[in-house]
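What follows is the residue order along each chain.
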Amino acid sequence: MKWFHAARARLRLLAPRAAESRIDDEIQFHIEMETEKLMREQGLDPEAARRRARAAFGGVQQHRETLRRGRGTAWFNGLSLDFKLGLRMLAKYPGLTIVGVLAMAFGIWFGAVTIEMFGMMTTTKLPLPDGDRIVKVVTSDLKAKKPESRMLYDYRHWQSLRSVTDLGAYRNTSVNLVGADASAQPVTAAEISASAFRIAPDGPLLGRVLVEADERVGAPPVVVLGHEVWTKRFHSDPGIVGRNVRLGGSFATVVGVMPKGYAFPVSHEMWLPLRADGAVEPRGGFPVTVFGRLAPGMTFESAQSELTSLGKQLTAAHPTTHAQLESHVVPYTKDSADGGDTEQVTALTYFFVTVLMVVVCSTVALLLFARAASRETEIVVRSALGASRGRIVVQLFAEALVLAGVAAVVGLAGAQLALTRLGEPYLAANYEQLPFWYDFNLSPSTILAAVGLAIIGAVVAGVMPARRITRDLGTRLRAGTSGGGVSFGGVWTAVIVIQVALTVALPWVVMLVRAERDRIASYEAGFPAKEYLGVTLDLDGPTDETLTAEMRTVLAAQFSRSLEALRQRLQADPGVAGVTYVDRLPGDHHNGRLAEVVSQPEIAPLWVATAAIDRSYFDVLKSPLLAGRAFTSADLLPDARVAIVDEGFVDRVMNGRNPIGHRVRLTSGELDDPTAAQQPWHEIVGVVNNLGMSNAVETKRLGGVYLPATPGNQGALGLVIHGRGDPLALAPLVRQLATAIDPALRVEQTTRLDQMAASQVWFMGLWVKVIVGLTAVVLLLSLAGIYAVLTYTVARRTREIGIRVALGANSRRVIASIFRRPLTQVTLGVIAGSVFVALAAVGVQQSGHFAVQPPPALLRVMLLVGYAVLMLGVCMLACIVPTVRALRVQPMEALRAE
């Protein structure tokens, strides 16, 4: 430890010297600021101003003693002056302030939104007590390469795990809840183990939670309501506990109401006890999700080790079903054991955001460099008055930090607005359930990261220019000059070239995304979709592997009767022109299957979209068949195998040949499908127009194959209602009639068929706005950078220009010498951007990810030429004012000054 004590002794010796140096710097800084102020406001020469400043400051020794007594506040006082000067600079240079704040704010906004959204979707910690120790047990079928969730048998054996406590399971369900107003609406529910209420230990607001006794087969049916359901459906009735409520076709007793915000396990509104009837075979029963909490002192590794040991025992006992299974203990928010690269992806995300911030702030650095260069005389004078290079760098950094601080406030406010007004509605519209741990408010870590980005921006925009502007100050001072000592180097030229290239490329991206959005918005379904209401219907009750064939037949018959009754009641309404049903609504994503035509073995099987429809489908859509016949009641018989195809099928699969009478076989398309050869052949009996057999977002439309549908055999069905007026006005009627006919008939979604892709259109429109904003910021930065460089360059060369004019130089040649560099930068940027656009256009055409093709080459050339002319015009405008000012310099004055 001798070396440690020696180093500490040296530090003690050096500390007073360092403190004395800081005190001298502070005294010198105060005198410099006052001297500069007197020179600027009263026109005093440096010596006179310095004497008066020292007199106003008071005795140097007196202030040195004062500062020595308050060493802890010396640097703080100096920095406070730096920040005050930074605020004054914001007001003194409003143009630079606006451009710099907008640029940095955009970088911070993008970084905050990206970090918050990414962190929200990849978090491994729930907002619950010991949330990072709540786990999920996931199982994969290694041979089939897909997850396996039929794990009730294994779940019962996992109860012996000692490393995981409160082990439980749940499955999702949706139930029609009849509220106080006697109307039924679907509610997202979880059939769940009672242990869930120990995992998320929020006590009930009313009554009690589920207990183990509720899980016994034959126990009275009970339900726990969520706070929102209790508030909206039962008007916050305090006497709800103990009351029977109707859940579809059955009743249950309300035993409790959970507090506001409780939504475990994902985003559920109601909880039912999980019950498994009888013995469950390996890989049998209904799908479940297994969860638990790591026991005290246990880690993921120890839990995984114990789970693996149990897995080996199950494999030995059931080699047929378990040989290819593998189970893992993972954080609760993860869906699989994969994703070990989350940390790497997180690091890459932060790296990308940081690089973007550095690129954005590079331009702001260019502007601050130009401003600092214009203040070179002030900086040289301060150096002459004794200011150290480090003190000047700190001051310029403080000015940039003030600018970055304002930008951080603006950027964070914009990020919070974007998350709550844009991110949350979009995710809610595209996800069935938003996890309860998704919080769309800026987290402290995101705010801290934004502050870090602001500091990085201040370093790039403040320290880099400051170090360059203060280089060789002593040499310039000894040379007796304060001008012409600094110049813009190749780095700034590269920044301008990159920005100009981006302003060429980004408008093309905007046009492409906007065209794609317009294509999706104008999706042609083949019928007047705005006149139709699409309704998704399903029947409450189990739909998984536990159903026997007899139960399936009973449920199918119930669904068929309820659907037919609903259709008749709707058709009797004067506002309804027709009602039909289909397993997939037009404009929705349809099931893709491989189609093989028996009479054309030379044609390889091609992907087609399939739909099961009612016999009245084409009549209700007002789309008569182009050839052949429609479906009849005889086509519903088990042995009847017929199909109707659309024009896309004729063009893509049949190569334009007449398909009537040909037979087609539809397979799943999975590799090594053992049932492919066993699939039946269907005779093609008709041809119809293309009728929305693909999603509007899909770039390529597949051929379509229609099969006759029997209600109940296809699961959920889509009801298509042709309204005589606004079809959305029929939505309440549909819910009312469905509840009256069968409370178990669940109306899950209602939408006008021309708005099936509304969320995608909205999202792409949002991206158009973001890219337009980015383009505007980059364009503003590039123009501001060019203007700053030109203004400084012309100002620095004022004497040179005057002397050249005095010596008889032609004004045009003088102007050409000024324009040469900015014109070269703009030209290089336009060329680089044009090359990118050309390569990107080729890539887009080959990728097939966009149905909208880039504009023709001639139009692209015209646009690029127009943009180049625009940029050159801006450069000329940037040069006009300083050039005219320079040409007005009298030659004798320039010679006399020189």
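Counting restarts for each chain, with residues numbered from 1 along the sequence as it is written. A pLDDT threshold of at least 70 governs which residues receive local features in this predicted model, and a stricter bar of 80 or more applies before side-chain atom pairs are shown or counted, although totals over entire chains, interfaces and linings include all residues. Here the side-chain values reflect all heavy atoms present in the structure, with hydrogen atoms and water set aside.

> Hey, could you run me through the overall build of the protein in this one?
Strands here are runs of E lasting at least two residues and helices are runs of H or I lasting at least four, both read from the DSSP assignment and numbered beginning at the N terminus. Helix and strand counts for the protein come out as 25 helices and 22 strands. In this scheme, a residue with accessible area under 20% of its type's maximum is buried, one over 50% is exposed, and one in between is partly exposed, where area comes from a 1.4 Å probe on protein chains only. Counting only residues that meet the buried cut, the protein has 46% of its 898 residues in that class. Any two residues whose heavy atoms approach within 4.5 Å at even a single point are treated as in contact. When contacts within the protein are restricted to residue pairs at least 6 apart in sequence, those whose partners lie at least 24 apart make up 81%. All accessibility values rest on the Shrake-Rupley procedure with a 1.4 Å probe; residue burial counts only the protein chains present in the view. For the protein, the exposed area adds up to about 43,300 Å²; of that, 59% sits on carbon and sulfur atoms.

> Which parts of the structure should I look at to understand a nonpolar patch on the surface?
Patch membership requires more than 30% relative accessible area and the absence of a salt bridge. Residues of like charge join within 9 Å; the nonpolar side chains Val, Leu, Ile, Met, Phe, Trp and Tyr join within 5 Å. Here, a salt bridge means any side-chain nitrogen of Lys or Arg that lies within 4 Å of a carboxyl oxygen of Asp or Glu. A cluster of nonpolar side chains, contributed by Ile447, Leu448, Val451, Ile455 and Val459, occupies part of the molecular surface with about 400 Å² of accessible area. Looking at isoleucine 447, the relative accessible area reads 35%, which means it is partly exposed.

> Any chance you could explain helix 8 (residues 227-234) here in plain terms?
Because an α-helix packs 3.6 residues into every turn, residues spaced three or four apart end up facing the same way. If you check which residues of helix 8 are buried, you get Val229, Trp230, Arg233 and Phe234. Down the axis of helix 8, the buried side of the element spans an arc of 100°, and every buried residue falls inside it. Each element contacted by the buried residues of helix 8 is listed here: strand 3 (164-178), strand 4 (184-192), strand 5 (206-207), strand 6 (222-225), strand 7 (244-247) and strand 8 (250-257). At the exit of helix 8 stands histidine 235, carrying a positive phi of roughly 55°. It is the directions from the helix axis to the C-beta atoms whose arc is reported.

> Explanation requested: the nonpolar core in the structure shown.
Nonpolar side chains tend toward joint burial in soluble globular proteins. In plain words, nonpolar cores are sets of buried Ala, Val, Leu, Ile, Met, Phe, Trp, Tyr and Cys residues tied together by side-chain atoms within 4.5 Å. In this structure, Met104, Ile108, Trp109, Val113, Met117, Val364 and Phe440 are the most contacted members of the largest nonpolar core, which totals 50 residues. For this core, the elements supplying multiple residues, two or more each, are helix 5 (94-122), helix 11 (342-374), helix 13 (389-430), helix 14 (444-469) and helix 21 (758-796). The leading source of residues in this core is helix 5, at 15 residues. Core analysis: the next-biggest nonpolar cluster, separate from the first, contains 34 residues, Leu585, Ile644, Met693 and Leu753 among them.

> Would you mind showing me how to read the packing of aromatic side chains here?
Any pair of aromatic rings gets described here by the distance separating the centres and the angle formed by the planes. Aromatic rings from Phe, Tyr and Trp, taking only the six-membered ring of Trp, are treated as a pair when their centres fall within 6.5 Å; an angle between ring planes under 30 degrees marks them as stacked, one over 60 as edge-to-face, and anything in between as tilted. Tallied over the entire structure, the rule returns 14 aromatic pairs. Note on phenylalanine 106 and tryptophan 109: the rings are 5.8 Å apart at their centroids and 35° apart in plane angle, and the pair reads as tilted. Taken as a pair, phenylalanine 106 and tryptophan 109 lie in helix 5 at a separation of 3 residues, close to a single helical turn. The residues phenylalanine 106 and tryptophan 109 share a single accessibility class, namely buried. Relative to phenylalanine 436, the ring of phenylalanine 264 has its centre 6.3 Å away and its plane inclined at 65°; by these criteria the two rings are edge-to-face. Residue phenylalanine 264 is found in the loop between strand 8 and strand 9 (270-273), and its partner phenylalanine 436 is found in the loop between helix 13 and helix 14; the two are separated by 172 residues along the sequence. Residue classification places phenylalanine 264 among the buried residues on the basis of a relative accessible area of 1%. Here a set of aromatic residues connected by ring pairs shows up, and it is made of Tyr170, Phe264, Phe291, Tyr332, Phe436 and Trp437. Counting as a charge over the ring demands two things of the Lys NZ or Arg CZ atom: a distance within 6 Å of the ring centre and an angle within 35 degrees of the ring normal. Just above the ring of tyrosine 332 sits the side chain of lysine 136; from NZ or CZ to the centre is 5.2 Å. Sitting over the face of the ring of phenylalanine 286, arginine 171 holds its NZ or CZ atom 3.8 Å from the ring centroid.

> I keep staring at the pattern of salt bridges and nothing clicks. Help me out?
Pairing between side chains of opposite charge can happen when their charged atoms approach one another. Applying the stated criterion across every chain, the model contains 17 salt bridges. Residue lysine 232 is joined to glutamate 228 by a salt bridge in which the shortest nitrogen-to-oxygen separation is 2.8 Å. You can see lysine 232 and its partner glutamate 228 sitting in helix 8, 4 residues apart, about one turn around the helix. With relative accessibility at 57%, the residue lysine 232 sits in the exposed group. Judged by its relative accessible area of 43%, glutamate 228 falls in the partly exposed class. Counted as one network, the salt bridges with shared partners bring together Asp141, Glu148, Arg150 and Arg283.

> Explanation requested: the pairing of strand 17 (residues 642-646) in the structure shown.
Counting buried positions along strand 17 gives 5 out of 5 residues, so the element sits mostly inside the fold. Burial along strand 17 is two-sided: the residues Val642, Ile644 and Asp646 and Ala643 and Val645 are all buried. In the sheet, strand 17 pairs with strand 19 (residues 681-688) via 5 bridges, with the strands oriented parallel. For aspartate 646, the partnering residue across the bridge sits in strand 19 and is valine 688. Bridging between strand 17 and strand 20 (residues 703-708) involves 2 bridges; their strand directions are antiparallel. Whether two strands pair depends on DSSP finding at least two bridges between them.

> How should I be thinking about the environment of leucine 442 in this particular structure?
Along the chain, the position of leucine 442 falls in the loop between helix 13 and helix 14. On the basis of relative accessible area, leucine 442 is assigned to the buried category, the value being 16%. As for leucine 442 and glutamate 116, which are separated by 326 residues in sequence, their C-alpha atoms are 6.8 Å apart. Those residues in contact with leucine 442, other than ones at most four positions away along the chain, are Glu116, Leu412, Ala415, Gln416, Leu419 and Ile447.

> Even after reading the chapter, I still don't get helix 14, so can you show me in this structure?
Working rule for helices: expected span equals 1.5 Å times residues minus one. When the terminal C-alpha atoms of helix 14 are compared, their 37 Å separation across 26 residues agrees well with the 38 Å that a helix rising 1.5 Å per residue should span. Bend, in this description, refers to the angle at a residue between axes fitted to the seven residues ending there and the seven starting there. Largest kink in helix 14: about 25°, centred on valine 459.

> Looking at this structure, how should I read the environment of arginine 51?
Mapped onto the elements, arginine 51 comes out in helix 2 (residues 46-57). The exposed category is assigned to arginine 51, whose relative accessible area is 55%. Note: C-alpha distance between arginine 51 and threonine 35 (16 residues apart in sequence) is 8.3 Å.

> So what exactly am I meant to see when it comes to the side chain of serine 193 here?
Positionally, serine 193 belongs in the loop between strand 4 and helix 7 (196-199). In this structure serine 193 touches Tyr155, Gly168, Ala169, Glu215 and Leu274, once residues within four positions along its chain are discounted.

> Would you take a moment to explain the confidence of the model for the protein for this structure?
The predicted structure's coordinates, where accompanied by low pLDDT, should not be read in detail. Averaged over all residues, the pLDDT of the protein is 77; the fraction at 70 or higher stands at 74%. No element of the protein has a lower mean pLDDT than helix 3 (residues 60-69), at 47, and none a higher one than strand 6, at 95. pLDDT under 50 marks residues 59-75. Its contacts with residues more than four places away, or in other chains, come to 21 contacts. Scored between 0 and 100, pLDDT is the confidence that the predictor attaches to each residue. Between residues 480-485, whose pLDDT stays under 50, and residues either more than four places distant or in other chains, the model counts 9 contacts.

> What am I meant to see in the packing of helix 5 against helix 14 here?
Between two packed helices, both the angle of their axes relative to each other and the distance between the axes serve to describe the pair. Comment: axis = line fitted to C-alpha atoms, over the contacting stretch for helices; angle = value between 0 and 180 degrees taken between N-to-C directions. Close contact between helix 5 and helix 14 brings their axes to 9 Å; oriented N to C, the two are set at 150°. Crossing of helix 5 against helix 14: the hand is right-handed. Taking contact as the criterion, the partners of Met104, Ile108, Gly111, Ala112, Ile115 and Glu116 in helix 5 are, on helix 14, Thr446, Ala449, Ala450, Leu453, Ala454, Gly457, Ala458 and Ala461. Each residue gets one of three labels, nonpolar for Ala, Val, Leu, Ile, Met, Phe, Trp, Tyr, Cys and Pro, charged for Asp, Glu, Lys and Arg, and polar for the others, Gly among them. Of the residues assigned to the contact of helix 5 with helix 14, the class counts are 10 nonpolar, 3 polar and 1 charged. Should the near helix be turned counterclockwise from the far one by less than a right angle, the crossing is left-handed, whereas a clockwise turn marks it as right-handed.

> Could you clarify how one ought to interpret the pairing of strand 20 in this entry?
Each regular strand carries side chains that alternate between the two faces of the sheet. Most of strand 20 sits inside the fold, with 6 of its 6 residues counted as buried. Residues Gly703, Val705 and Leu707 of strand 20 are buried on one face, and the alternating residues Gly704, Tyr706 and Pro708, pointing to the opposite face, are buried as well. In this structure, strand 15 (residues 606-613) lies alongside strand 20, joined through 6 bridges in parallel fashion. Residue alanine 609 lies in a different strand from strand 20, and its bridge partner there is glycine 704.

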